[in-house]
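Take a look at the letters that make up each chain.
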Amino acid sequence: MDLRICHLYGDLMSIYGDRGNVLTLQRRAEWRGIAATVETVSAGDRLDPERFDLYFFGGGQDAQQDIVAADLAGPNGVALKEAIAGGAAVLSVCGGYQLLGHFYRPFEGPELPGVSALDVHTVAGRRRFIGNVVATAEQPLVGFENHSGLTYLGPNAKPLATIEVGAGNNGEDGSEGAVQGKVIGTYLHGSLLPKNPWLADKVITWALERRNGHVDLPALDDTAEREAREHAIALAHKRR
Amino acid sequence: MVVLPARSLAALIAAKLTRAALRLTGRGATTLPGLAALSLDPAVAAHIAARLPKGVVVVSGTNGKTTTSRMLADVVRLSGWHPVHNRAGSNLARGVAAALVADATWIGEPRADGAIFEVDEASIVTVARLVRPRVLVITNLFRDQLDRYGELDTVARRMRDAAAALPVQATLVLNADDPIVNLIGDNFAGKVIRFGIDDATVHGALAQNVSDLTHCPRCRARLRYDRVVLGHVGDYRCPNCGFARPHPEVAATQVESDAEGTRFVLGAGEGAAVRVPLPGVYNAYNALAAIAAGHALGIEATTAARAIGSFRPAFGRLELVEAEGRRLRLVLVKNPAGFNAAAATLLSRVGSVRLLTALNDLDADGRDVSWIWDADFEALAPRIEWAVVTGLRSRDLALRLKYAGLKPDRTYVVDGWDDAVRDVLRRSRPGDEIDVLATYTATLALRRTLSRMGYAKEFWQD
Ligand SMILES: [Zn+2]
């Protein structure tokens, strides 16, 4: 078995710890004897929808996000949706999450169209949510959020988690992130995956199943991961 | 003698009393008096600054501002100035105000004849308007504490605003090798002096995984690099709009670097030889920035080179502490570029690395610890003999080392500063060198611990 990872727009959209997510996907596959490759596909490149099992799509600065939105409005957006329909898994964080929704509406200027891979939309908000986040999914999720966009879910997307500490999608409805099929969006970096290995393994499993049928990943020694997660959760509660 | 307005005088006296009280109780007085002065009357700092005959120099940027401003303070002193200087990392508006208040007499007359201030990127616009610098030095701009400074584009915009607030006769001193910094000089009305490294043999020793800038800051086309020194700093050009690294007026040629320091020859001008007694190519940049600022002030490069040759590093910037025969090398790290520069310096030495490393997530460190995942721990891991890991976010750091490939049995997580230092001493032998990489408040805490154990002096006694 091998795992083909695409770091989507990795040169443009790679803010604050996104690299840790890609590294975690790669290491956790390799530690199980699964060869993992990472390739960056960027604006102007041609995305081959057959090539990758897993897409990581991170956050970026505003100017970079404009370049990416323009590129996704062309053939690469179509290719990405084809890849998703073909069973590829996607993990998106922050800016990437917003661009996988229907649109991002700023205070001024035109709406940035998204690829509608997630039934969500985002509008610019007045205040910036910055801080530690603790949320509950099948297992606890811990991370750090830094966004002013307010994301709202439509009926086809389910929240990834329920907020305990922090703001999450919009600071109103207690939801954090979105899941639709094998596509995940979230506002958590930190990096997200090192301290939430269960989520990393879930995404890896989804990705491997694209070409291999049912996959059961063997367990790893996650002592360091667990300790880091428990400490981060305790600190987030203490400082809320 | 000009008498201060009553309100400013009251603010000055309140600030001085705050300072005296803090000194009496044996505490460092680096920012509180300034806060007192600023909250009562911000004009008091402006008032004192305006009466410095040689004027004010402000140094800002992501990395190297402390070292650069200290080097520059040495440079101007050697050329006869008696400057006031905000030491000990109090680089917000209140720290600048505190330094001015401490220096002034009780009626607001400065005792100094000029000022060298290092200023935090977030405070740069406020400070530029307050003290009206005649020279503004920008060392470099990298991603740093997103939660505090915002995106890199935001920081660059702040620097442009600060430049726009300068008096017309002011000089901008810019790093030619950093495209974001270089662009700040683009629409500047006054004089610009640029510095850089003109030596094709100087390029990054580490794989540069994370660059903040892959695209032209002017037109957004993809930038081409002939040479990368660190992150996005190097020899760049834009194939689309012609934006390119300019030829720097103050340029280092024939750069040689080893564990003890860096030597170079100034290409343009007199061709003075410079010896920087600090390792790492980034310290060559700091020296160049100080020389270029000196040039803006009319100080000869040979004088600047002499001052830099006998430079002593600041708190947490490659400071050496002796403890039970061990040499501890303290390096403050707070963002990926700074970490990678420190790691490159460490790796340029031979032998294995013994590490004490500490991660905190208080406001001054940045509350978001994500940056450790952008730092190149992968380059460091194969050389680590053991790592003692401590701080409020020690577990995040231990996890980072695990994913970087360090075997778990070489990582020791120790809670508590005293216990961490003791653990390091227990694990090492006399004659050993230990590298200490820590964030801002963690460095403060470790330094305090080392001082209490009798190994280092309190930092505000510098
Ligand atoms: Zn251009």
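Everything below is about the structure printed above this text.
Residues numbered from 1 in each chain as written. Chains lettered and ligands numbered in written order. Predicted model: local features only at pLDDT ≥ 70, side-chain atom pairs only at ≥ 80, totals over all residues. Heavy atoms only, no water.

## Some details on the overall build of chain B
A count of helices and strands for chain B gives 17 helices and 17 strands. Scaling as 2.2 N^0.38, a compact globule of 462 residues should have a C-alpha radius of gyration of about 23 Å, and chain B matches this with 22 Å. Here the C-alpha coordinates of chain B stretch approximately 65 × 60 × 40 Å along the principal axes. Looking at the 462 residues of chain B, the share that counts as buried comes to 62%. Pairs at least 24 apart in sequence give 71% of the contacts found in chain B among residues at least 6 apart. Accessible surface, chain B: about 16800 Å² in total, of which carbon and sulfur atoms supply 52%. Across chain B, the mean location of the 57 positive side-chain charges is 3 Å away from that of the 49 negative side-chain charges. (Helix = DSSP H or I, 4+ residues; strand = E, 2+ residues; numbered from the N terminus. Rg over C-alpha atoms; globule rule 2.2 N^0.38 Å. Buried < 20%, exposed > 50% of the residue type's maximum accessible area, 1.4 Å probe, protein only. Contact = heavy atoms within 4.5 Å. Areas by Shrake-Rupley, 256 points an atom, 1.4 Å probe, with all protein chains shown as cover. Lys, Arg positive; Asp, Glu negative; His and termini not counted. Charge placed at Lys NZ, Arg CZ, Asp CG, Glu CD.)

## Looking at the layout of surface pockets
Here the second largest pocket defines a volume of roughly 740 Å³. In terms of lining residues, the second largest pocket is bounded by 27 residues, among which Asp62, Tyr104, Arg128 and Ser148 of chain A together with Glu151 of chain B are the most central. Going through the elements one at a time, helix 2 (62-72), helix 4 (95-100), strand 7 (120-136) and strand 8 (140-153) of chain A together with helix 8 (152-164) of chain B are the ones with two or more residues in the lining of the second largest pocket. Ranked by residue count, the leading element in the lining of the second largest pocket is strand 8 of chain A, at four residues. When grouped by side-chain class, the residues that make up the lining of the second largest pocket number nine nonpolar, 12 polar and six charged. (1 Å grid on protein atoms, 1.4 Å probe; cavity = no way out; pocket = protein on both sides within 12 Å on 5 of 7 lines; lining within 4 Å. Points joined across faces, edges and corners; volume = space filled by probe spheres on them. Nonpolar A, V, L, I, M, F, W, Y, C, P; charged D, E, K, R; others polar.)

## Considering the pairing of strand 4 (residues 89-93) of chain A
All names here are of chain A. When you tally the buried positions in strand 4, you get five out of five residues, the bulk of the element. The sheet contact formed by strand 3 (residues 54-57) and strand 4 spans four bridges and is parallel. The residue bridging Leu54 from the neighbouring strand is Ala89, located in strand 4. Pairing of strand 4 with strand 12 (residues 183-186), which is carried by four bridges, proceeds in the parallel orientation. For Val90, the partnering residue across the bridge sits in strand 12 and is Val183. (Pairing = 2+ DSSP bridges.)

## Brief notes about the environment of Lys195 of chain A
Take Lys195 of chain A: it is sitting in helix 5 (residues 192-195). Expressed as a C-alpha distance, the spacing of Lys195 of chain A and Glu230 of chain A, which sit 35 residues apart in the sequence, is 8.9 Å. In this structure, Lys195 of chain A is in contact with Val142, Gly190, Glu225, Ala228, Arg229 and Ala232 of chain A together with Arg393, Asp396 and Leu399 of chain B, ignoring residues within four places of it in sequence. Here Asp396 of chain B takes part through its side chain, which lies 2.4 Å from a polar atom of the side chain of Lys195 of chain A. (Polar contact = N/O pair within 3.5 Å; in protein donor to acceptor, adjacent residues only side chain to side chain.)

## Let's talk about the sheet that holds strand 3 (residues 114-118) of chain B
All names here are of chain B. Strand order in the open sheet made by the nine strands is 2-3-1-4-5-6-9-10-11, with mixed pairing throughout. The open sheet terminates on both sides in strands that have one partner only, identified here as strand 2 (83-85) and strand 11 (273-276). Averaged over all pairs of adjacent strands, the angle between their axes in this sheet comes to 20 degrees, without regard to strand direction. Here three bridges tie strand 2 to strand 3, and the two strands are oriented parallel to one another. Looking at strand 3, one finds that Val84 is bridged to Ala115. Here helix 5 (residues 93-103) sits on the sheet and contacts strand 2 and strand 3; the angle it forms with strand 2, its principal contact strand, is near 140 degrees. (Axes fitted to C-alpha atoms, helices over the stretch in contact; angles between N-to-C directions.)

## Observations regarding the side chain of Gln26 of chain A
Residues and elements named next belong to chain A. In this fold, Gln26 is placed in helix 1 (residues 18-30). Note on Gln26: relative accessible area 18%, which makes it buried. Look past the residues within four positions of Gln26 in its chain and what remains in contact with it is Ile5, Ala36 and Val38.

## A word on the coordination of the zinc ion
Residues and elements named next belong to chain B. Protein-derived ligands of the zinc ion are Cys216 (SG), Cys219 (SG), Cys238 (SG) and Cys241 (SG), with the metal-ligand distances lying across 2.3 Å. Geometry at the zinc ion is tetrahedral, judged from its four donor atoms and the angles of 101 to 113 degrees they form at the metal. Here the donor residues for the zinc ion map to a single chain with the spacing C-x2-C-x18-C-x2-C. Of the residues examined, Cys216 reaches a relative accessible area of 0% and is grouped as buried. A residue is classified by how much of its surface remains accessible, and Cys219, at 28% relative accessible area, is partly exposed. (Donors = N, O, S within 2.8 Å, 3.2 Å for Na, K, Ca; no water. Tetrahedral: all angles 85-135°; square planar, octahedral: opposite > 155°, others 65-115°.)

## Digging into helix 6 (residues 124-131) of chain B
Spacing of three or four residues puts side chains on the same side of an α-helix, whose turn is 3.6 residues. Residues and elements named next belong to chain B. Across the eight residues of helix 6, six count as buried, placing the element largely inside the fold. Along helix 6, the residues classified as buried are Ile124, Val125, Val127, Ala128, Leu130 and Val131. Within two residues after helix 6, Arg132 carries a phi angle of roughly 45 degrees, on the positive side.

## With respect to the interface of chain A and chain B
Put simply, an interface is often sized by how much accessible area is lost when its parts join up. Chain A puts 41 residues into the contact, and the matching count from chain B is 35 residues. With both sides pooled, the region where chain A packs onto chain B buries about 3300 Å², and carbon together with sulfur makes up 50% of that total. Counting across the chain A and chain B interface gives six salt bridges. Between Asp396 of chain B and Lys195 of chain A there is a salt bridge, and its shortest N-O distance comes to 2.4 Å. Linking chain A with chain B are 15 residue pairs in polar contact (both at pLDDT 80 or more), by the criterion used here. Among the elements that line the side of chain A that touches chain B, the one with the most residues is helix 7 (residues 223-239) of chain A, at eight residues. Residues belonging to the side of chain A that touches chain B are distributed by class as follows: 15 nonpolar, 15 polar and 11 charged. (Buried area = accessible area lost by both parts, 1.4 Å probe. Salt bridge = Lys/Arg side-chain N within 4 Å of Asp/Glu carboxyl O.)

## A closer look at the packing of aromatic side chains
Residues and elements named next belong to chain B. Across all of its chains, the model carries eight aromatic pairs over all chains by this definition. Aromatic pair Trp373 and Tyr403: ring centres 5.9 Å apart, planes at 65 degrees, arrangement edge-to-face. With Trp373 in helix 13 (residues 371-374) and Tyr403 in helix 15 (residues 394-403), the pair connects residues that are 30 residues apart, well separated along the chain. Owing to a relative accessible area of 2%, Trp373 belongs among the buried residues under this scheme. (Phe/Tyr/Trp six-rings, centres within 6.5 Å; stacked < 30°, edge-to-face > 60°.)

## Concerning the environment of Arg427 of chain B
All names here are of chain B. Structurally, the position occupied by Arg427 is in helix 16 (residues 417-427). Of the residues examined, Arg427 reaches a relative accessible area of 31% and is grouped as partly exposed. Placed 40 residues apart in sequence, Arg427 and Ala387 show a C-alpha to C-alpha distance of 10.0 Å. Setting aside residues no more than four positions away along its own chain, Arg427 makes contact with Trp386, Val388 and Tyr412. Within polar-contact distance, the side chain of Arg427 engages the side chain of Asp423 at 3.0 Å.

## Looking at the pattern of salt bridges
Oppositely charged side chains may form a pair once their charged atoms are brought near each other. Counted under the stated rule, the structure contains 46 salt bridges over all chains. For the salt bridge of Arg51 of chain A with Glu39 of chain A, the shortest nitrogen-to-oxygen distance reads 2.7 Å. Remark: Glu39 of chain A occurs in strand 2 (residues 35-41) and Arg51 of chain A occurs in the loop between strand 2 and strand 3; sequence separation between them is 12 residues. On the basis of relative accessibility, which here comes to 29%, the residue Glu39 of chain A falls in the partly exposed class. Through salt bridges with shared partners, a single network forms among Arg28, Arg32, Asp201, Asp222 and Glu225 of chain A together with Lys402 of chain B.

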